[in-house]
Each structure stands twice: as structure tokens, then as C-alpha cells.
Amino acid sequence: MRHKREAKITSPVITLGDDSYRIMSIAGFVGIAGLVLAFVFALVFHSGSAWQRFSYGYLVNFCFYTTISLGALFFVTVHHLNRAGWSVTVRRIAEILAMAIIPMFALFLPILLPLLVGNSDLYVWNQPGWTAAYAGHTLTDLEKLKGAYLSSGFFGIRSVICFAIWSGMALFFFGQSLRQDVSGDPKLTSRMQNWAAPLMIIFALTLVVSSFDWEMSLSPMWFSTMFPVCFFAGAVMSGAAAIALVALLLQRSGRVTDEITVDNIHDLGKLMFSFIVFWGYVEFSQFMLIWYANFPEETFWFKYRTWNSGWMIVSIVLLIGHLFVPFLALLPRTLKRSRKFMIGATVYLLLMHWLDHYWVIMPQIGFDGKDYAPFVFSIVEILSFVGLGGLFVAIFSFIASNRPLVPLRDPRLSEALNYSNT
Amino acid sequence: MVSTHAHPDHAKAHSAPRPDSELIGLLAEFEDQDALLDACEHARSSGYKKFDAYSPFPVHGIDQAMGIRRTMLPFFVLAIALGAVVLGVGMQWYANRAVFSPLFPGFDFIISGKPLWSLPANIPVAFEVIVLSSCFATFLGMWYLNRLPRLANPLFRIERFKRASDDRFFLMIEKSDPQFDADQTQEQMRGWGAAAVEAVRLDLTDHQIPLGLRRIGLITGLLLLLPPALIYRAQHATNPEPRLHFMPDMDWQYRFGAQNVGPMWYNDRVPQFFFADKSVMRLPVEGTVPRGGLETDIELFRGIKAGSKIPDPSTAPPLPTTPPADEQEAAALALAQAALEPEWVTTFPAALTVDQAMVERGRDRFNIYCVVCHGYAGEGDGLVNERALELAINSPIQKGATTNATWTKAKSFHDPEVAKQPIGRIFDTITNGRSTMGPYGSQISTRDRWAIVLYVKSLQKAWIDPPKPTIPAANVPPGASDARPSNVSPTEGKSDEKTDPPLLDTKGN
């Protein structure tokens with residue numbers, strides 16, 4: 001065939017190698033220091049509600065990094081579901097990011113354990129008799145059901161099940177992929193493809209449950225069936241952005257320079273673009289229905305986020321920064337094919353995704369069922385961002401360690417290497 | 001097989017050109033896409049500009065190989081899409097009457113308590129307009145850039161080219177290319193690995209649309225005439241059949257009638273009630289007044305002098321129900337009726353500005369609501385009145401002389417009794433009705449009713465009692481007895497020429 005690259009790995013360096021230990025130690029140190037500092041600052045600046053402030057900041061960042069991991073897991077699953085060829089070379093990075101979901105469960109414990117011992121600083125539904133207090137009237141059947149659903153024990157069980165399923169999926173795809181590096185057996189690809197469809201269904205269900213549990217139940221009387229879709233859209237967008245960012249940074253450090261082509265980056269850019277539009281679409285759908293129906297039991301959630309002067313600014317920044325700016329910036333082909341631009345774009349999109357979680361979670365702090373507390377920005381959230389970010393990077397380099405950062409003997413490797421966005 | 005018979009044909013074709021066809025290019029056939037890609041690169045590097053490649057499927061990299069610049073279609077679509085934003089939002093802005101337009105009054109409906117102009121409600125429509133116009137822009141722009149539609153292509157007359165949609169790859173270099181030279185180009189093409197090279201000729205003899213196509217066009221055109229013909233027939237014919245109901249549950253919906261009391265019969269079985277008291281709408285809360293309904297200005301809203309005593313019909317002695325037998329009784333009845341009359345205003349309420357515009361408005365409303373009975377000049381000779389009288393007089397009951405006619409004649413405003421009525425009383429008549437005349441209070445706004453009163457007064461003032469004809473009516477030339485108010489047009493005045501039978505002469509009643 002004509003000008004065809006052989007299905008051969010030609011980059012000189014394809015692993016993190018010894019650098020992984022260095023990254024692990026530095027990032028781990030930054031991570032622990034960041035979290036400790038976040039807690040200290042919470043004690044200093046929010047002495048009355050230090051644990052609450054810390055928990056909220058922690059939850060924002062936990063959701064941020066977990067959704068990156070879930071987005072990567074989705075990427076791997078949908079890659080096999082579609083029998084995709086173009087994404088083979090970036091799939092290993094996605095697999096490693098998806099594997100991070102296993103240690104993320106340990107980082108979930110600071111949220112889960114206080115809940116199990118009866119702390120209600122984060123989730124107000126964890127205090128007895130909350131339904132009656134929040135409803136302010138005779139309970140409807142729906143509210144009784146919510147009261148039964150939102151209990152710490154059931155919440156814990158659901159979380160464990162979700163994490164178990166995701167961990168299983170990540171382990172399965174990562175394990176099969178690593179085995180294929182050795183054997184080159186195309187049957188492993190078939191097996192992953194066969195499993196991708198049922199796993200995708202399970203993944204969707206667990207994502208819905210966890211988005212309800214982690215974020216929507218912060219405002220337990222509010223409900224929106226569109227909410228998990230928004231959560232999902234943000235997760236996939238940030239997953240694609242993280243994969244592209246990791247790939248670009250690895251290439252900057254001289255790794256996998258030949259395998260991950262500019263067409264891969266271009267395609268990841270297209271994926272990000274599509275999920276930016278999708279995010280805007282579903283966020284607007286959620287807003288539109290609530291705005292139009294105008295039921296007080298739904299509107300209060302948006303009312304506070306748009307009428308409160310501080311949160312209104314965040315809302316506008318989110319609308320412009322998460323939708324309009326990236327829409328226009330990722331539209332031109334030349335920009336999506338520029339590695340330098342894409343590093344900036346992915347970092348920007350990840351920050352916007354962080355702001356999305358911040359916008360969903362933080363207004364609930366100090367909400368007592370009727371009134372919200374005023375907007376307060378705190379360094380605690382920033383420090384948790386740095387702290388959990390450090391731990392996330394450490395986890396990534398621990399999983400990557402000496403493993404190849406690109407599938408070595410995938411049957412579609414040649415297709416990916418020769419792929420071109422005409 | 002293909003390549004064997006190609007050579008002689010081609011050689012003959014361009015050594016002895018037939019006058020009825022013209023060489024327009026050379027077509028080279030390749031066996032796989034890579035050969036085609038290579039050939040494209042060769043053609044480009046040999047300096048050819050006017051050539052095209054044909055393949056059964058999209059070939060990756062062919063654009064670069066052919067040196068095709070990136071299309072400007074995306075920018076075209078982007079421009080159209082941005083225009084669609086303006087169109088979609090502007091359309092709704094205009095339709096919601098956010099802007100005054102003399103051409104289109106707009107729908108200023110408040111829907112679900114939202115402002116007339118509200119951006120979130122407009123986004124879905126704007127989005128759909130963007131999607132639709134972008135699709136059209138992409139599709140039609142692609143056609144335009146590819147110079148489509150094209151009804152015929154000389155390539156389709158080449159037998160081997162049929163495989164271009166199956167398993168062969170083709171490259172055509174056009175004769176209009178400055179580098180083109182039939183022999184040299186053919187050699188080059190063979191050098192690039194062409195399995196066969198063939199001349200492409202434009203047939204100059206046959207520029208007519210094929211007969212089959214013309215027939216199809218004719219039949220299609222005739223068939224297209226069918227729907228309008230059927231519609232025309234349906235419009236000009238009667239059909240005794242009941243109309244078709246495609247969706248009976250939409251035509252006969254199970255629903256509560258507004259302002260009803262009583263059940264909705266769902267499936268004709270279960271009576272459904274909306275509120276516990278079986279009514280469908282709630283009455284206004286006691287002691288509340290609707291916005292704008294606090295009508296405290298008694299002069300303006302009832303035509304009664306402010307501060308005067310309003311007689312209460314419930315405490316007054318009942319009026320006799322039988323018609324008065326003699327003059328004494330009639331006088332007593334008139335007195336009793338007069339006692340029930342409140343003190344009507346004789347001047348226009350202070351809240352109104354009496355000016356020419358109000359007279360014009362009054363004429364406008366009068367000609368809509370009043371003229372059908374009272375006539376244009378207020379003589380009580382409107383068409384409805386005339387027809388009703390005719391029907392009443394000619395009715396069998398009337399001929400049998402058992403009852404009176406069931407129609408009370410419309411009053412002439414120029415009747416001396418009517419002419420001296422205070423304006424408050426006229427206003428009350430319009431508002432609440434009298435005798436056969438129904439109440440108009442719910443249909444005509446307060447200020448318009450006063451405007452009608454003003455117009456009635458101006459009609460009365462302009463009235464000159466026409467002289468009684470002294471010659472037989474039939475001999476009166478048209479217009480001779482016209483002594484109509486100046487603001488009544490001649491044609492309107494002619495409607496009551498005094499040539500009709502006496503029963504239609506309602507004047508002087």
C-alpha cells in the first residue's frame with residue numbers, strides 16, 4: 001500500500017520510566033500538603049464551619065477529578081463499542097486515567113465516612129427528620145420516597161456498588177489491553193468489543209446514580225432528570241480534554257512522539273467541541289424546562305444561582321466561558337491541529353469544567369431548605385484543587401510507571417497510525 | 001478485456017475527429033485507490049490544473065494529492081448560521097410585538113407569566129432556525145460549488161466509466177488544460193500506471209432531452225395538475241357526506257367546558273368533576289375587584305349624575321304587567337316609570353374629552369354596532385329592522401291576527417321623545433338595552449359608548465325634518481327630497497327613499 005506506516009512503535013521513549021517515581025513523590029507531596037493546608041485554612045477562615053467548608057471544597061474537587069476519570073472510562077468503552085480505529089494510540093492514556101477510579105474510592109472515604117457516623121455538614125439529608133423540616137408541609141409520597149432513598153447506609157451501598165463496577169470495567173479494559181501488548185491476540189479486542197455494549201449500559205446507570213447522590217442530593221428537595229445528562233456531558237468533555245492534555249505533555253517530554261499524531265489531537269479536539277455543544281444543549285434544556293414550568297419547588301435552585309449577585313457572575317462566566325468561548329475557539333481546524341494551542345485549550349476547558357462543579361455544589365453551602373448563604377469565595381477550594389490534583393497526578397504516574405503509554409500490538413494500530421483528517 | 005479494445009478506439013478517435021463530436025479530455029482507468037492517488041500527484045507535478053478523479057468511495061488524502069484547496073463552504077455556512085440567529089430571534093421579537101409595526105399588529109400575549117420579550121423562550125426556535133438554514137446552506141452551497149445539478153455528463157456515455165461506482169478508479173484530464181496534448185498526455189497516463197486510457201467526447205449532434213425523459217416530464221406535469229384540479233372541484237361542488245374525522249379524539253375532546261358546572265363524561269362512563277362543587281372555574285374571591293374594574297365614577301360608567309339619589313327598583317311598587325287600559329292608567333304608568341328613572345347626566349362626564357376625534361370614533365363604532373337596526377342617519381331604518389318588520393308583518397301568525405308582530409321597531413333618534421332624552425339615558429340604553437334592543441355594555445367599551453352617544457347627539461343636531469312630499473312619491477326625482485345630515489353620504493341616504501310601501505316607513509313613530 002501507498003505511503004503506509006508500518007504498525008510499529010517507533011518513538012524512542014514510550015514509558016514514564018524512572019520519572020514516574022519522581023513525579024509520584026513530588027505530586028504526592030504537593031497533594032498531601034495541599035489537602036492539609038486546605039483544612040488548616042478552613043480552620044482559620046471558617047472557624048465556625050471548618051469541616052463543612054473543607055467538605056464542600058473537597059467534594060467539588062473530588063467530583064472534578066472523578067469525572068475526568070469517568071470520562072476516560074467512557075472514552076475507552078465507546079472506543080470498543082464503535083470498533084474505533086483512530087483512537088487506538090491515545091487509548092492507553094485513557095485506560096490509565098480510567099484506572100485512577102480505583103484509588104479514587106479511597107479519596108471518596110472523607111466524604112463517605114463522616115456521613116456514616118452521622119455528620120450532616122455536607123449532605124443535609126443526613127439529619128433525622130429532615131424531610132418534614134425541608135418540605136414545610138405534609139409530606140407527599142415523593143418526599144417520603146426521597147426520605148427513604150437518602151439515607152447514609154443506602155448511600156454508602158450505592159457508592160460502593162458504583163465504584164466496584166467502574167473499577168471492574170477499568171481493570172478489565174486495562175488488563176486485556178496490557179495482555180494484548182504481549183500476545184498481540186486480536187481475540188482480546190473482540191472480547192472487549194463484546195463486553196463494551198453491556199458495560200456501557202451499566203456505566204450509564206451508575207453515572208446517573210452517582211450524579212444524583214453526590215451533587216443533586218446536596219439540595220435534597222430539588223430534582224431534575226436532566227441533571228445526570230449535564231454531569232455526563234461535562235465528564236466526557238473533561239475526559240477528552242485530560243487525554244489530550246496528557247498526550248501533549250507526554251510528547252513535550254519526548255515520549256510517544258511518533259504514535260500520537262496531530263490527527264489524534266485534532267479528533268480529540270472535535271470530541272471536546274461536540275461535548276461542549278452537548279453540554280450547552282442539555283444545560284439549557286434543564287434550565288428552560290424549569291424556567292418555563294415555573295414551579296417553586298424547582299426554580300429556587302436556579303433562582304439563587306442567577307439572582308444572587310455573586311453567583312450570577314459565576315453563572316455568566318460559566319455560560320460564556322464553558323460554551324461560547326470554546327465553541328468559537330475550537331471551531332477552526334487550524335487551531336485544533338496546533339499542539340501549542342491545544343495545550344492551552346485543554347487546560348482552559350478543565351478549569352471551566354471545575355467551575356461547572358463549583359457552580360453546582362458550592363451554592364448549597366449553608367442552605368437550610370429555605371434560604372441560601374451569601375456567596376463567599378475561599379482559598380480552601382483552591383487548595384483542595386491543588387491537593388487532590390497532586391494526588392491524581394501521583395495516581396496516574398503510579399499506574400503508568402513502566403507500562404507502555406501506547407498499545408503495542410493492537411490489531412488496529414496501523415489504522416490509527418495512518419489515520420488522516422483529510 | 002477493457003484495456004484491449006480501448007487502444008484502437010482511442011487512436012481512431014483522435015486521429016480522425018468526427019464532426020459530430022468533440023474531444024474534451026482523456027480518461028485514465030486505475031485498478032486501486034493508491035494508483036489513483038499516485039496518478040493525481042503525478043498529474044499535479046506535471047503541471048496539470050484541470051483534472052478530476054472519480055472513485056467508488058471517498059479516498060483519504062485525495063484532496064492533498066490533487067492539490068485541492070480547502071473548501072470555503074464552512075465559512076459560508078457559518079455566515080448563514082449567524083444570519084439565522086438574527087432571523088430566528090428577530091422574527092420572535094417582531095411577532096411578540098416588542099416593536100411597533102404599522103404592518104403587523106403582533107401577538108402581545110402574555111404566556112405563563114413571562115415577559116412579552118424573553119430570551120430563553122426564543123432560544124429553541126432560534127436554534128431550530130440555525131439548524132435548518134445551516135443544513136440548507138451546506139446542501140445548496142455544496143451543489144453550487146460543485147456546479148450541480150448537471151443533467152448530463154459525457155463520461156456517462158463511456159462504457160468502462162460505469163465501474164467508477166463499483167471497483168474502478170478514474171482520472172480525467174480536460175482538454176482545456178494548457179498542458180493538454182492528446183498524444184503526450186496519453187503517454188503520461190500510461191506511465192502513471194493507467195490500465196486503460198480513453199478519449200472523452202462531447203456529442204454535438206444530440207442536444208435534445210431524450211424522448212423518454214420528456215414523456216416522464218409530461219406525465220409528471222399532468223399529474224401535478226391533479227391536486228389543484230381536485231381542490232378546485234372540491235371547492236365548487238357540494239358533498240352530502242359528513243366530513244372525515246381522522247382523529248376523532250381531537251375533534252371531540254374530553255374536556256371541561258369553560259365556565260360550566262357539571263361533569264365531563266370520560267368514555268361516557270365516569271363523570272368527572274373538576275372542583276368539589278362541580279364547577280369548572282372558580283368565582284372571583286368575594287370582596288375583590290378585577291384590575292381596572294373599580295368603576296367609581298358613576299357619571300362615566302352609569303351616566304347618572306354624581307351625588308344624585310338612585311332609585312332602587314326592588315323597593316319601588318311593582319309596575320302593572322297588563323297594558324294600560326285608558327289614558328289615566330297610562331299616565332300613572334308613565335309616572336311610575338319616571339320615578340324609577342335616576343337623574344341622568346345631561347352633559348358629558350368630566351373624564352371625557354369631547355372633540356372631533358371622539359365624534360369620528362363614535363361614527364366608527366355606530367356604523368359597526370348600531371347601524372344595522374337604527375340606520376345610517378339614525379332613523380330606525382336599518383336593514384335588520386326592515387327585514388324583521390317585513391317578516392313579522394307577513395308572518396302567518398300576523399295574518400291570522402291572533403298576536404301582534406313580535407318585533408318592536410328600532411327607534412328613530414329624531415323622534416321628539418327620543419330627541420329630548422338626556423345623554424345619560426342614551427348611554428344607559430346602549431349599556432343595558434331597552435325592550436328588543438340588547439345590552440351592548442359587554443361588547444363596547446365605556447369610552448366608545450360615550451363616543452356613540454356623542455355621535456347620536458350630532459346626528460340629532462344635524463337633522464332637518466324633510467318636507468312632506470306633496471307630489472306622488474313615484475314622481476319624485478332621485479335626490480329631490482334629500483335633506484339628510486351633511487355627514488351622511490348620498491348613497492347611504494338613498495336607502496330610505498320614500499317610495500316604499502307605507503309599512504316600511506318607520507319615520508314619525
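Residues numbered from 1 in each chain as written. Chains lettered and ligands numbered in written order. Predicted model: local features only at pLDDT ≥ 70, side-chain atom pairs only at ≥ 80, totals over all residues.

### Structural notes on the overall build of chain B
What counts here: A helix here means a DSSP run of H or I that spans at least four residues, while a strand means a run of E at least two residues long, and both kinds are numbered starting from the N terminus. Partly exposed residues are those falling between the two cut-offs: more than 12 but fewer than 20 other C-beta atoms within 10 Å of their own, whereas 20 or more means buried and 12 or fewer means exposed, with C-beta atoms placed from the backbone. Residues are defined as contacting one another if the C-beta atoms placed from their backbone atoms lie within 7 Å.
A count of helices and strands for chain B gives 18 helices and six strands. Buried residues in chain B amount to 17% of all 509 residues. Counted over contacts in chain B with a minimum sequence separation of 6, partners at least 24 positions apart contribute 69%.

### Some details on the overall build of chain A
If you tally the helices and strands in chain A, you get 16 helices and zero strands. Classification of the 422 residues of chain A by burial places 44% in the buried group. Relative to all contacts within chain A whose residues are 6 or more apart in sequence, the contacts with residues 24 or more apart total 83%.

### Some remarks on unusual backbone geometry
With an omega of -5°, the peptide bond running from B:Leu148 to B:Pro149 counts as cis. Here B:Pro149 is to be found in the loop between α5 (119-145) and β3 (169-174). At A:Val256, a position not held by glycine, the phi torsion is positive, near 35°. With respect to the helices and strands, the residue A:Val256 is situated in the loop between α9 (227-252) and α10 (262-293). By C-beta crowding, A:Val256 is classed as buried, having 23 other C-beta atoms within 10 Å.

### Section: the sheet that holds strand β1 (residues 21-30) of chain B
Residues and elements named next belong to chain B. So the rule is basically this: The pairing criterion is simple: DSSP has to find at least two bridges between the two strands. A fitted line through C-alpha atoms represents every axis, and for helices the fit uses only the stretch in contact; the resulting angles, taken between N-to-C directions, go from 0 to 180 degrees.
What the four strands build is an open sheet, ordered β2-β3-β1-β4; its pairing is antiparallel. Each having just a single partner strand, β2 (51-54) and β4 (196-203) make up the two edges of the open sheet. Ignoring strand direction, the axes of neighbouring strands in this sheet form an average angle of 25°. By the bridge criterion, eight bridges tie β1 to β4 in an arrangement that is antiparallel. Paired with Ala-28 across the strands is Val-197, a residue of β4. Contacts from helix α2 (residues 33-45) reach β1, β2 and β3, with the element oriented near 20° to β3.

### Observations regarding the confidence of the model for chain B
Residues and elements named next belong to chain B. Rule in force here: A score from 0 to 100, pLDDT tells how confident the predictor is in each residue.
In this model, chain B carries a mean pLDDT of 81, and residues with pLDDT of at least 70 account for 82%. No element of chain B has a lower mean pLDDT than helix α18 (residues 490-494), at 42, and none a higher one than β3, at 94. Counted against residues more than four places away or in other chains, residues 1-13, with its pLDDT under 50, gives 14 contacts. Note on residues 475-509: pLDDT is under 50 here. Beyond four places in sequence and across chains, it has 46 contacts.

### Comments concerning the interface of chain B and chain A
Accessible area lost upon the coming together of the parts serves often as the stated size of an interface. Selection criterion: In this classification, Asp, Glu, Lys and Arg are treated as charged, Ala, Val, Leu, Ile, Met, Phe, Trp, Tyr, Cys and Pro as nonpolar, and every other residue, Gly included, as polar.
On the side of chain A, nine residues touch chain B, which itself brings ten residues to the contact. Within the residue set of the side of chain B that touches chain A, elements represented by two or more residues are α2 and α5 of chain B. Of all the elements, α2(B) adds the most residues to the side of chain B that touches chain A, at three residues. Looking at the side of chain B that touches chain A residue by residue, the classes come out as three nonpolar, four polar and three charged.

### A look at the packing of helix α7 (residues 152-183) of chain A against helix α8 (residues 186-214) of chain A
All names here are of chain A. As a reminder, the rule being used: Just so you know how the angles are binned, under 35 degrees is roughly parallel, over 145 roughly antiparallel, 65 to 115 roughly perpendicular, and the rest oblique. By convention the crossing between two helices is left-handed if the near helix lies anticlockwise of the far one by an angle smaller than a right angle, and right-handed if it lies clockwise.
The contact between α7 and α8 brings their axes to 10 Å, and the two run at 155°. One finds that α7 runs roughly antiparallel with respect to α8. Where α7 crosses over α8, the handedness of that crossing is left-handed. Across the interface between the two elements, Phe-155, Arg-158, Ser-159, Cys-162, Ile-165, Trp-166, Met-169, Phe-172, Phe-173, Gln-176, Arg-179 and Gln-180 of α7 pack against Leu-188, Thr-189, Arg-191, Met-192, Trp-195, Leu-199, Ile-202, Phe-203, Thr-206, Val-209, Ser-210 and Asp-213 of α8. Classifying every residue of the contact of α7 with α8 by side-chain character gives 14 nonpolar, six polar and four charged.

### What about α2(B)?
All names here are of chain B. As a reminder, the rule being used: By definition here, a helix of n residues has an expected span of 1.5 Å times n minus one. Each direction from the helix axis to a C-beta atom contributes to the arc, which is the arc of those directions.
For α2, spanning 13 residues, the distance from its first C-alpha to its last is 18 Å, which sits close to the expected 18 Å at 1.5 Å a residue. Looking at α2, one finds that the buried residues are Gln-33, Leu-36, Leu-37, Ala-39, Cys-40 and Ala-43. Along α2, the residues classed as buried sweep out an arc of 165° about the axis, all on the same side. Elements in contact with the buried residues of α2: β1, β2, α3 (62-66) and β3. Looking one or two residues past α2, Gly-47 carries a phi angle of roughly 95°, positive in sign.

### Quick look at the nonpolar core
Heads up, the condition is: A set of buried residues qualifies as a nonpolar core if it consists of Ala, Val, Leu, Ile, Met, Phe, Trp, Tyr and Cys joined through C-beta atoms within 7 Å.
Formed by 110 residues in total, the largest nonpolar core has its most connected members in A:Leu73, A:Leu97, A:Ala98, A:Ala240, A:Ile243 and A:Met272. Excluding its chain neighbours within four sequence positions, the residues that come into contact with A:Leu73 are A:Ala98, A:Ile101, A:Trp166, A:Met169, A:Ala170 and A:Phe203. Counting residues in hydrophobic clusters, the runner-up holds 27 residues, among them B:Leu27, B:Phe30, B:Ala39 and B:Ala53.

### With respect to the packing of α9(A) against helix α14 (residues 339-361) of chain A
All names here are of chain A. Across the interface, α9 lies against α14 with an axial gap of 9 Å and an inter-helix angle of 145°. Note on packing geometry: the crossing formed by α9 with α14 is left-handed. Contact residues: α9 offers Gly-234, Met-237, Ser-238, Ala-241, Ala-242, Ala-244, Leu-245 and Leu-248, while α14 offers Arg-339, Met-342, Ile-343, Thr-346, Val-347, Leu-349, Leu-350, His-353 and Asp-356. Classifying every residue of the contact of α9 with α14 by side-chain character gives eleven nonpolar, four polar and two charged.

### Some details on helix α16 (residues 423-432) of chain B
Residue and element names in this part refer to chain B. Restricting attention to buried positions, one finds in α16 the residues Gly-424, Ile-426, Phe-427, Asp-428, Thr-429 and Ile-430. Against α9 (298-302) and α17 (446-462) lie the buried residues of α16. Immediately beyond the C-terminal end of α16, within one or two residues, lies Gly-433, with a positive phi of roughly 80°.

### Describing the pairing of β3(B)
Residue and element names in this part refer to chain B. Within β3, five of the six residues are buried, leaving the element largely enclosed by the surrounding structure. For β1 and β3, the ladder comprises six bridges, and the chain directions are antiparallel. From the neighbouring strand, Leu-26 faces β3, where its bridge partner is Ile-173.

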